[in-house]
Amino acid sequence: MSIIDIDNKFAKYFIPPNIKEAKKRGKEVVQFLDFDPIPKEMIDIGKGKYYLIRTYGCQMNSHDSETMAGILEQMGYQPTDEEDEADIILFNTCAIRENAEDKVFGELGRLKHLKLEKPHIILGVAGCMSQEEKVVNKILRSYQHVDLIFGTHNIHRLPILLRDALLNKEMVVEVWSKEGDVIEHIPKVRQDGLKAWVSIMYGCDKFCTYCIVPYTRGKERSRRPEDVISEVRELARKGYKEVTLLGQNVNAYGKDLDIDYGFGDLLEDLRKIDIPRIRFTTSHPKDFDDHLIEVLAKRGNLVEHIHLPFQSGNTEILKKMARKYTREEYLELVRKIKQAIPDVVLTTDIIVGFPGETEEQFQDTLSLVEKVGFDSAYTFIYSPREGTPAAVMEDNIPEDVKKERLQRLMDLQNQISRDKNKQLKNQVVEVLVEGVSKTNSEVLSGRTRGNKLVNFKGDPALIGQFVLVKITEPQTWTLRGELVSNAQEELLDVVN
Ligand code: SAH
Ligand code: SF4
Ligand code: F3S
């Protein structure tokens, strides 16, 4: 344990991620705590002032930003997109790969002049990078214009931390490196009124050897079913059309609770709620059990899209990654899913260039991609993360070989995505209309149950509704189509 004393009367402590300690994770009792009311002196502190949050990383981070926004708005702050107007700028950061971190340091450097011009601005760094010792040290050393650093376990403390930062000239650092609690009833400002993220669990105990998340997010801890169910009910009551259940490994939901209740049971309960679509991310293949497949096959508001990262198609590499399944087990799982849900849309994450990956082992990845036929894939070159077991594994694969493999993988996947989308030509799909297309204001855009982006001409009054669209021009990443109908009654026949 190392403690950085920043030598001021509000000195905070910082305990960096520690693999040995983290792996010893026991059954430390998870506390279910309620969000403390905003202190009286902070209630109106943001009146007439603006905040800006820049978010990097995964959906969990985006959802955390919604929480930070909720807390700031309870203190009277209003949102802005303009750096020049902002009184608080928070960076909610991601540590998953090195380039994610480089971007943030670049932005922090760029904002130095703004802080010099307007010293009253509070500049804060939150999220997964804050959980890394080397990052905090680097900011303390080289980015002294930062006012506040807080970790993923400290979000609910924002009012107190902000108070300290406003009163202090020194940098305020609060990063708890703990197994983690569950804080309920934190205010949230959701991005739109249609689609909502709902965390069902936090942290990760899988410890894939390349991954930093178990150290930045703490141990796996599930929210109580009744808390998740009441949040989804409330969203349905408010008119939301879609929820996405979030967790690094949603299939492990409930394993840490003292009740016999898993992810399949949660979905079984949620599907009875009158909300049109329920998605979830991310599924780890290891914990994807038959009961879950059975529940998903009932469809209804459980959409037929599963994001199922496989990372590598080679069993030896999977073992070095500590993914806890083999190539064959993954393929068997896919077979069972496709048998139960023949039109399932499968997407995945893949890492190329894991330490020591040979050409033959990489070809196993290509062949698995071909065998499964994913609708789309996120593909990454392996990035060493300090403190993780893979970072010290011997890596003799040159960077240009890794880049070339990534390109071959992307070429293959693009061709498969194109072929998959072609199969949708002339089919009628259900689309939740989300807004006007980013590239053409006369065109609406929305998503199918399988999460495919569809563009079509239509009246903006349709935003927020479900419509039927006939696909006319399938492309690699998007589908173009024509509006067939917006009659809700007809929809009911198509949907189920
Ligand atoms: N919990 C999810 C994914 C979390 S991170 C899961 O297990 O599926 C999202 C993706 O980033 C991972 O699936 C993996 O493909 C990629 N990733 C994680 N660590 C990485 C690293 N060190 N280098 C490159 N890619 C990485
Ligand atoms: Fe990282 Fe593996 Fe956990 Fe996913 S399951 S967050 S890849 S350790
Ligand atoms: Fe990045 Fe943290 Fe998510 S490392 S991917 S923001 S959990």
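Residues numbered from 1 in each chain as written. Chains lettered and ligands numbered in written order. Predicted model: local features only at pLDDT ≥ 70, side-chain atom pairs only at ≥ 80, totals over all residues.

### A word on the confidence of the model for the protein
- This prediction gives the protein a mean pLDDT of 92; 93% of its residues lie at or above 70.
- In the model, residues 1-11 has pLDDT below 50 throughout and makes 20 contacts with residues more than four positions away in sequence or in other chains. (pLDDT = per-residue confidence, 0-100. Contact = placed C-beta atoms within 7 Å.)

### Quick notes on the site of ligand 1
- Around ligand 1 sit 17 residues in total, of which Q248, P309, D349, F380 and S383 are the nearest.
- Classifying every residue of the shell around ligand 1 gives eight nonpolar, six polar and three charged. (Near = placed C-beta within 6 Å. Nonpolar A, V, L, I, M, F, W, Y, C, P; charged D, E, K, R; others polar.)

### Side note on the site of ligand 3
- Residues in contact with ligand 3 amount to 13 residues; listed here are only the nearest, G57, C58, N61, C94 and C128.
- Looking at the shell around ligand 3, the elements that each hand over two or more residues are α2 (59-74) and α7 (213-217).
- It is α7 that contributes the most residues to the shell around ligand 3, three residues altogether.
- Class assignment for the residues of the shell around ligand 3 results in eight nonpolar, four polar and one charged.
- If you count residues domain by domain, the shell around ligand 3 takes at least three from each of domain 1 (19-174) and domain 2 (190-303). (Helix = DSSP H or I, 4+ residues; strand = E, 2+ residues; numbered from the N terminus. Domains from an automatic or database assignment.)

### Notes on the sheet that holds strand β21 (residues 478-485)
- Spatially, the five strands close up into a barrel ordered β17-β18-β19-β21-β20, and their pairing is mixed. Across the sheet, the mean angle from the axis of one strand to that of its neighbour is 55°, orientation sign disregarded.
- Two strands pair when backbone bridges link them, and strand β17 (residues 428-436) and strand β18 (residues 443-447) are joined in this way by four bridges, in the antiparallel orientation. In the sheet register, G435 faces β18, and the bridge partner there is S445. (Pairing = 2+ DSSP bridges. Axes fitted to C-alpha atoms, helices over the stretch in contact; angles between N-to-C directions.)

### As for helix α9 (residues 263-270)
- What α9 keeps buried is the set F263, G264, L266, L267 and L270. Buried residues of α9, viewed axially, fall in a sector of 160°; they line one side.
- For α9, the elements touching its buried residues are α8 (225-237), β13 (277-281) and α10 (290-296). (Buried ≥ 20, exposed ≤ 12 C-beta atoms within 10 Å, placed from the backbone. Arc of directions from axis to C-beta.)

### Concerning helix α5 (residues 133-142)
- Along α5, the residues that are buried comprise V135, V136 and I139. Here the buried residues of α5 occupy an arc of 100° about the axis, which is enough to place them on one side. Along α5, exposed side chains directed more than 90 degrees from the buried face belong to K134, R141 and S142.
- On its buried side, α5 packs onto β5 (122-127), β6 (148-150) and β7 (172-174).

### Let's talk about the domain arrangement of the protein
- Split by domain assignment, the protein resolves into domain 1 (19-174), domain 2 (190-303) and domain 3 (428-495).
- In the side of domain 2 that touches domain 3, the residues fall into three nonpolar, no polar and three charged.

### Here's the deal with unusual backbone geometry
- For the bond from T281 to T282, the omega torsion is 5°, close enough to zero to count as cis.
- Tracing the backbone shows T282 in the loop between β13 and α10.
- Phi angles above zero are rare outside glycine, and H185 is one such case at about 60°.
- The topology assignment puts H185 in the loop between β8 (182-184) and β9 (195-199).
- Not every positive phi belongs to a glycine, and N451 is a case in point at roughly 75°.
- Position of N451 relative to the elements: it lies in the loop between β18 and β19 (453-457).

### Observations regarding the environment of Y210
- Mapped onto the secondary structure, Y210 falls in the loop between β10 (201-202) and α7.
- For the pair formed by Y210 and R221, sequence separation is 11 residues and the distance between their alpha carbons is 21 Å.
- Aside from chain neighbours lying at most four places away, what touches Y210 is M321, I351, F354, Y382, R385, T388 and A390.

### Remarks on the nonpolar core
- In terms of nonpolar packing, the biggest core is built from 103 residues, with M68, I149, V198 and I200 touching the most fellow members.
- Of the residues forming this core, the biggest block, five residues, is contributed by α2.
- Mapping this core onto the domain boundaries places at least three of its residues in each of domain 1 (19-174) and domain 2 (190-303).
- If sequence neighbours within four positions are ignored, V198 has contacts with V228, E231, V232, V243, L245 and L246.
- If you look at the next biggest cluster of nonpolar residues, it comprises 12 residues, including L444, V454, F456 and V469. (Core = buried A, V, L, I, M, F, W, Y, C linked by C-beta atoms within 7 Å.)

### With respect to the UniProt feature "domain: Radical SAM core" (unreviewed entry) in the protein
- The UniProt record marks residues 190-419 with the feature "domain: Radical SAM core" (unreviewed entry), using the residue numbering of this structure.
- Along residues 190-419, the helical share is 39% and the strand share 16%, with 35 Å between the first and last C-alpha atoms. (UniProt positions renumbered as here; feature names shortened; annotations may be inferred.)

### Concerning the pairing of strand β4 (residues 88-93)
- Of all six residues in β4, six are buried; the element is thus mostly enclosed.
- Residues I88, L90 and N92 point to one face of β4 and I89, F91 and T93 to the other, with burial holding for every one of them.
- Note: strand β2 (residues 50-55) against β4, five bridges, orientation parallel. Residue pairing in the sheet places I53 in a bridge with L90 of β4.
- Where β4 lies against β5, six bridges are found, and the strand directions are parallel. Residue pairing across strands places I88 opposite I122, the latter belonging to β5.

### Quick notes on the packing of α8 against α9
- Interaxial distance between α8 and α9 falls to 10 Å at its minimum, and their mutual angle equals 35°. In this structure, α8 meets α9 at a crossing whose hand is right-handed. Within the contact between the two elements, α8 uses P225, V228, I229 and V232 and α9 uses L266, D269 and L270.
- For the contact of α8 with α9, the per-class residue count stands at six nonpolar, no polar and one charged. (Left-handed = near helix turned anticlockwise from the far one by under 90°.)

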